[in-house]
Amino acid sequence: MKLTNLRVWNLVEPVGYAMNAPVFSWTVEEAQGEQAFARTTVRVNGETAYDSGEERAADSLGWKIRLPLLPRTRYDYTLTVQSTSGERATADSFFETGKRDETWTAKWISPRQSRSCAQLRKRFTVSACTESARLYMCGLGVYEVWLNGEKVGDEYLAPGYHAYDFHLAAQTYDVTGRLREGENELIIALGEGWFKGRLGFEGGYTDLYGDRLYAIAELYGDGVLLTATDESWEELHSPVTFANIYDGETWDARIAPDLLGNAEETEPEHCGVLQDRVSLPVRAFDRFSVKELMETPKGDTILDFGQNMTGWVEFRSRLPEGTSLTLTAGEILQDGEFYHDNYRTAKTEFTYISDGQERMVRPHFTFFGFRYMKVSCTCPVNADDFTAVHLRSAMPGTTVFACGNPLVNRLYENALWGMKDNLLEVPTDCPQRDERLGWTGDAQAISDTACQSLYMPAFYRKYLWDMRAEQSILGGSVPNVVPRIKRDMIGEHGSCPWADAGVIIPFNTWRYYGNTELLRETYPGMKDWVDCQRRREEAIGGPHLVKDGFHFADWLALDNPQPGPFGATDPLYIASAYYYRCAQIVAESANLLGFAEAGEYRDLAAEILAAIREKYFGADGLCQIRTQTAAALAIVFGLTKKVQEQGDVLYELVAGNNSHLNTGFVGTPILCPALSSTGHHDMAVTLLLQEDFPSWLYSVRLGATTIWERWNSVLPDGHMNPEGMNSLNHYTYGSIAGWMLSWLCGVRPALPGYRKAILEPRPDRRLGHAEAKLDTAAGRFVCGWRFEGDTVHYHVEIPFGAVAELRLPGQRVQELSPGKYDF
Ligand code: BGC
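Before going into details, it helps to say that this report is about the structure given with it. Computed from a predicted structure; not experimentally measured. (Residues numbered from 1 in each chain as written. Predicted model: local features only at pLDDT ≥ 70, side-chain atom pairs only at ≥ 80, totals over all residues. Heavy atoms only, no water.)

1. Section: the environment of glutamate 321
Mapped onto the secondary structure, glutamate 321 falls in the loop between strand 25 (301–317) and strand 26 (324–330). On the accessibility criterion, glutamate 321 (59% relative accessible area) is exposed. Taking the C-alpha atoms as reference points, glutamate 321 and isoleucine 353, 32 residues apart in sequence, are found 7.7 Å from one another. Apart from the residues lying within four places of it in its own chain, the contact partners of glutamate 321 are Arg254, Ser354, Asp355 and Gly356. (Helix = DSSP H or I, 4+ residues; strand = E, 2+ residues; numbered from the N terminus. Buried < 20%, exposed > 50% of the residue type's maximum accessible area, 1.4 Å probe, protein only. Contact = heavy atoms within 4.5 Å.)

2. What about the state of the cysteines?
Counted under the stated rule, the structure contains zero disulfides. Free cysteine: cysteine 138, not disulfide-bonded; nearest cysteine sulfur from cysteine 271 at 9.1 Å. The exposure class of cysteine 138 is buried, given its relative accessible area of 0%. (Disulfide = S-S within 2.5 Å.)

3. Some words on the packing of helix 11 (residues 667–676) against helix 14 (residues 736–744)
Two numbers describe how helix 11 lies on helix 14: the axes approach to 8 Å, and their chain directions differ by 25°. Relative to helix 14, helix 11 is oriented roughly parallel. Where helix 11 crosses over helix 14, the two elements pack in a sense that is right-handed. In this structure, helix 11 contributes Cys672, Pro673 and Ser676 to the contact, and helix 14 contributes Ile736, Trp739 and Trp743. Within the contact of helix 11 with helix 14, the residues separate by chemical class into five nonpolar, one polar and no charged. (Axes fitted to C-alpha atoms, helices over the stretch in contact; angles between N-to-C directions. Parallel < 35°, antiparallel > 145°, perpendicular 65-115°, else oblique. Left-handed = near helix turned anticlockwise from the far one by under 90°. Nonpolar A, V, L, I, M, F, W, Y, C, P; charged D, E, K, R; others polar.)

4. Remarks on the site of the ligand
Around the ligand, a shell composed of Asp429, Arg433, Glu435, Trp439, Asp442, Trp498, Phe552, Trp555, Glu709, Met725 and His730 is seen. Between an oxygen atom of the ligand and a side-chain N or O atom of tryptophan 498, the distance comes to 3.1 Å. Against a free-state accessible area of 310 Å², the protein chains account for coverage of 94% of the ligand. Looking at the shell around the ligand residue by residue, the class counts come to five nonpolar, one polar and five charged. (Near = heavy atom within 4 Å. Polar contact = N/O pair within 3.5 Å; in protein donor to acceptor, adjacent residues only side chain to side chain. Areas by Shrake-Rupley, 256 points an atom, 1.4 Å probe, with all protein chains shown as cover.)

5. A short note on the packing of helix 4 (residues 457–471) against helix 6 (residues 516–540)
The interhelical angle for the contact between helix 4 and helix 6, taken along N-to-C directions, is 40°, at an axis separation of 10 Å. At the point where helix 4 passes helix 6, the crossing takes the left-handed sense. Two secondary-structure elements touch here, helix 4 through Pro457, Arg461, Leu464, Arg468 and Gln471 and helix 6 through Leu518, Glu521, Thr522, Gly525, Asp528 and Trp529. When its residues are assigned to classes, the contact of helix 4 with helix 6 shows four nonpolar, three polar and four charged.

6. Describing the packing of aromatic side chains
Counting across every chain of the model gives 44 aromatic pairs. Taking 6.3 Å as the distance between ring centres and 65° as the angle between the ring planes, the aromatic pair formed by phenylalanine 24 and phenylalanine 95 counts as edge-to-face. Remark: phenylalanine 95 occurs in strand 7 (residues 88–96) and phenylalanine 24 occurs in strand 2 (residues 23–29); sequence separation between them is 71 residues. The exposure class of phenylalanine 24 is buried, given its relative accessible area of 1%. On the basis of an interplanar angle of 80° and a centroid distance of 5.4 Å, the ring pair of tyrosine 455 and tyrosine 513 is categorised as edge-to-face. A residue pair is termed long-range when its members are at least 10 positions apart, and tyrosine 455 in the loop between helix 3 (440–453) and helix 4 and tyrosine 513 in helix 5 (residues 501–513) qualify at 58 residues. Assessed through its relative accessible area of 10%, tyrosine 455 is described here as buried. Chaining the aromatic ring pairs together yields one cluster made of Trp439, Trp498, Phe550, Phe552, Trp555, Phe566, Phe665, Trp696, Trp711 and Tyr733. The ring of tryptophan 104 is capped by lysine 99, whose NZ or CZ atom sits 5.0 Å from the centre of that ring. (Phe/Tyr/Trp six-rings, centres within 6.5 Å; stacked < 30°, edge-to-face > 60°. Lys NZ or Arg CZ within 6 Å of the ring centre and 35° of its normal.)

7. Here we look at the side chain of threonine 509
Position of threonine 509 relative to the elements: it lies in helix 5. In terms of polar contacts, threonine 509 uses its side chain to reach the backbone carbonyl oxygen of isoleucine 505, at 2.7 Å. Apart from the residues lying within four places of it in its own chain, the contact partners of threonine 509 are Cys451, Pro457, Tyr460, Gly514 and Leu518.

8. Considering the pairing of strand 10 (residues 133–140)
Within strand 10, eight of the eight residues are buried, which leaves it mostly tucked inside the rest of the structure. The two faces of strand 10 match: Ala133, Leu135, Met137 and Gly139 on one face and Arg134, Tyr136, Cys138 and Leu140 on the other face are all buried. Note that strand 10 and strand 15 (residues 214–221) share eight bridges and pair antiparallel. When the sheet's bridge partners are listed, tyrosine 136 is paired in strand 15 with glutamate 218. (Pairing = 2+ DSSP bridges.)

9. What about the nonpolar core?
Counting residues in hydrophobic clusters, the biggest one holds 235 residues, and the most contacted among them are Phe305 and Tyr573. Take this core: its biggest share by element is 14 residues, from helix 7 (residues 571–593). Setting aside anything within four residues of it in sequence, one finds tyrosine 573 in contact with Ile612, Tyr616, Phe617, Cys623, Ile625, Ala630, Leu633, Ala634 and Leu639. Listed in part, the 25 residues of the second largest apolar core include Val145, Val152, Val175 and Ala215. (Core = buried A, V, L, I, M, F, W, Y, C linked by side-chain atoms within 4.5 Å.)

10. Let's talk about the sheet that holds strand 12 (residues 150–151)
Across the sheet, six strands lie side by side as 12-11-14-9-17-20; this open sheet has antiparallel pairing. Because the sheet does not close on itself, it has two edges, and the strands there are strand 12 and strand 20 (259–262). As defined by bridge partners, strand 17 (residues 234–236) adjoins strand 20 across three bridges and the pair is classed as antiparallel. Its bridge partner lying in strand 20, glutamate 234 is registered against asparagine 262.

And the structure:
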């Protein structure tokens, strides 16, 4: 028996994260049965601060203990779990608090001159070696911090992108062993980032959240303040002369970091309070060497890294002094030439000007979405010098999928890349062009699949924190983009199903991870969005329906004879369906949390449903809107009582479209689940296996390594679709990966956090075999099937403490306890 995945607030050994009390979670491996009790003891400096005793009710998905937390304190804890069979295991871990509500001694400082990038320095003396050292700090827009010539921490682009007008996130770094007796030097390098740099499309805005760069820092040795930012800090010339998120960065290594004068003490204006971080760090993940070095017919030098990704390229520079090298990002080649038009106004260039020293070079305050890099340099280019680095918020993947069709396997990988590439600080629409914003609609559409593929709760906790902050000034409405871009641009909110992210994302997070405390934290935002809709629709009068407003609805669906991005399904039907679903979820959540208002929302949901049926359904109980999306919604949201007949209608709509889909952002994630759950799984597999437009494998056949924004982002002749809004890295249609796991392999949570799972493998001869391994909140589930001749073999695994309901075709449902089974 072994304890694994020990986490606090869904984070492994968190240091400096916002929390009022610890919430523990863990998994148990190599054991049978279930948990009899758990016990946790918490120590500060070796002294016991808390002992739970043997707690039978301790929930491995989220166990909150009542321990008042001190600032800047490390808490070591020991977790012991005993199983019903008498086995016992113990493991140690820790968490550490940041400054919490402690007053900062340090002052915010800022460079005196307005520049794109700056460096702030302090030289200070340490008289004796310290056993432990910590740095608490924040820099705006983005920063890197260097102590005695070495970068502190393994994260990039700190403090990240959040709703700066509501809170500023402080990071805590363990710098133990990095201080020396005598003189030490701390340098904070600053760039514009999302805070001050250009953001938003159509040119965007600069100075959105602030018009200066700022920093604040306190360095402690053995708990004693050693140095803190104030006016004695110096401003140096920055060799990084320009950087922003969209346009890239220029690093002129010839510029010496000469002294410019002293920094100014001044606080960021119109910003929220500085508090411990909620966000995950951005870290480097996969690294790619050059797959091909090409020269195009026009004479451009291109590096192909073989994978469309988010991150940057680093290289070893051996360039002579004064020689510059520029890398420009691209997603695709066009007629063998470099193509950049779909980045719109984003320049996405990294320029390095050499000082003649050999060194590793990388950007600091920007990132790119790219597969290709065009190299502009007067010196010869050696492919071995370049490495592409994938950056994203630090959440691990949790799932492995494989089947007998290589194109489908590639599609699964593309979907995974689509998610990984769009989870840098906020769930973005795309990582490359002049956008990269936290579009709520895209985020909610993929959230179900993301929770099945990556470990998402801490990432969503931060996104939802920002969302609730924005809701607080919008009467509960949810903006189309979170964090909201201030001023007039994208000031819009309340559009279906973008705003419904406020309910759908927290609910999916609850459903897949089962952390009640996280549900409790996110519940107020969920309820506020439903209340906001209710106030609005009641003010107009009539039955409980969404009756007005702008809605993106089935964005980019192909079923509308009118040209443009809007699908054919009536947006008010879709909006009312989501209103119903959200009210239902709030009722269910209130009930789980023990709130009396559960009944009120249950009644509201029932009234919305009755009104939807009255307006949009015929006497036969079927949705009168004859689109794939309308029918799929009726099934998946439970709008129809005639589920089977509605499934038959959906089947006919797909069959009548030459067995092809024509859905957009609403219909696509639910289309195959709606078919599979109404006896038309064969048709769902047919859709999966189509290779011509519009289909998932169409993009795979055209060489995609991610998911595209449009079904035909690339035309059959390999040319980019000339429509202005066209990215090759948008995750929504990657939601098919969720169906592969939950319907093709058949693993679905029956209880939150997969404490109980449904295992319903659906063999299909066309695929030969399929298997999913999911490291869920409850532990590892495996479910797979394989054809051998006419026989289908099934293999399933159920983790400790969980149960499963096995539904094999044509057989009685069986309850399975933890273990490995073959059928
Ligand atoms: C984004 C989308 C987004 C949409 C809403 C686009 O520019 O890339 O994914 O949801 O705008 O209009």
